[in-house]
Amino acid sequence: MKNTSFQLSTAGAWLASTASAVRVRLTIKRLALAACAAVSVLGCAPASAWTSRGTAYTSRGTYNGAHAGSCGGGSCSHAGGVAGPLGGVATNTGTVTRTAPGQFSNSGTATGRYGNSVQHAGDTSCAGGTCSHTGTLTGPDGKTASTSGSVTRDAPGQYSSTGSVTGSNGNTYNHAASTNCAGNSCYRSGTVTGPDGGTVDHSGSATRVAPGVVTTSSSVTGVHGNTVTSSGTVVAGGTVTTGGVVVAGGTVTTGGTAVVVRAPAVVVAPPVAYVPPPPVVYVPPPPPPAVYVAPRVVYVAPRPVYVAPRPVVWVPGHWYGGIWIPAHWS
């Protein structure tokens, strides 16, 4: 009975593993087909089209993704999606169009695993070594956030950038960064400042160590001094693997080998870090001043005592011990 049970358990695990692998392959195929269909609908020329697929193995599970894009007629469009370990799928589509020399417009839609969509649109203008960008984000509830920023080429291999993001509640987050490229390496550092003055610092580097192989490292320090560091290797044509250990209240370190499918370079702005406001400290009001109340003085009158007068008696003159006492009142 024990052997039979073991065999059935092993067979069941194998079937479950096989079914899971089949679902992953079908998910990747559906994502790829959906991405290609979206690009075709956008009217891009097939001659300049590209597709990519990838799998990321993380401590939270396996993520499968597919992406496709194409350029033609002054526009580049892309569409893609990512399927999570629990079956949820998130998609993103967009288009960038050259409207004039140095002038570009973009629009797109990002849809989360629960169907909520965010619309994004913006304009970019480049002149004199500087590119400036403005845009808006509109959530499923109709609320909007605005973005603005610029990137300037200060010297060969030297770049600086600034920008801001203002949410629907009016809070603004500002960021500034600089990038320095020399030889086979690029280094970047920057700071994000919240509406309450709190800051988050970030830095990173990328180095080409061989054809198609790039090593990366990054570090982010939050407003409370906690630091997150990560590192990895990017190799053209493969899968993405990451992993790490989280230490509560201290340093989070991740590392692994990242392998990414060849695709046109895409510049992604760093995510806006939320800087929480400082904790509210309650200061009790000062105690009321002491009031001195003088004791009430009570006068107690002495109780009157009546002393009756002694009656007056007439004493006639008389002898007392050989002494004459004249008459008197007594």
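Because the structure is a prediction, the values reported are computed rather than measured.

K.L.:
What's the story with the pairing of strand E2 (residues 61–72) in this structure? I'm lost.
P.N.:
The side chains of a regular strand alternate, residue by residue, between the two faces of the sheet. In the sheet, strand E1 (residues 50–58) pairs with E2 via 9 bridges, with the strands oriented antiparallel. Each residue of the ladder has a partner; that of Thr 51, found in E2, is Ala 68. Between E1 and E2, which pair antiparallel in sequence order, lie 2 residues. Inspection of the sheet shows E2 paired to strand E3 (residues 75–83) by 9 bridges, in the antiparallel sense. By the bridge assignment for E3, Gly 69 is matched with His 78. Counted between consecutive antiparallel strands, the loop separating E2 from E3 contains 2 residues, among which Gly 73 sits at a positive phi close to 65°.

K.L.:
Whenever I open this one, the pairing of strand E10 (residues 172–182) confuses me. Can you help?
P.N.:
By the bridge criterion, 9 bridges tie strand E9 (residues 158–166) to E10 in an arrangement that is antiparallel. Its bridge partner being in E10, Gln 158 is matched across the sheet by Asn 180. The antiparallel hairpin formed by E9 and E10 contains 5 residues in its connecting segment, where Gly 170 sits at a positive phi of about 90°. Pairing geometry for E10 and strand E11 (residues 185–193), over 9 bridges, is antiparallel. Looking across to E11, one finds that Asn 174 is bridged to Thr 193. The hairpin turn running from E10 into E11, its antiparallel successor, is 2 residues long, and Gly 183 in that turn takes a positive phi close to 65°.

How each quantity is defined
Residues numbered from 1 in each chain as written. Predicted model: local features only at pLDDT ≥ 70, side-chain atom pairs only at ≥ 80, totals over all residues. Heavy atoms only, no water. Pairing = 2+ DSSP bridges. Helix = DSSP H or I, 4+ residues; strand = E, 2+ residues; numbered from the N terminus.

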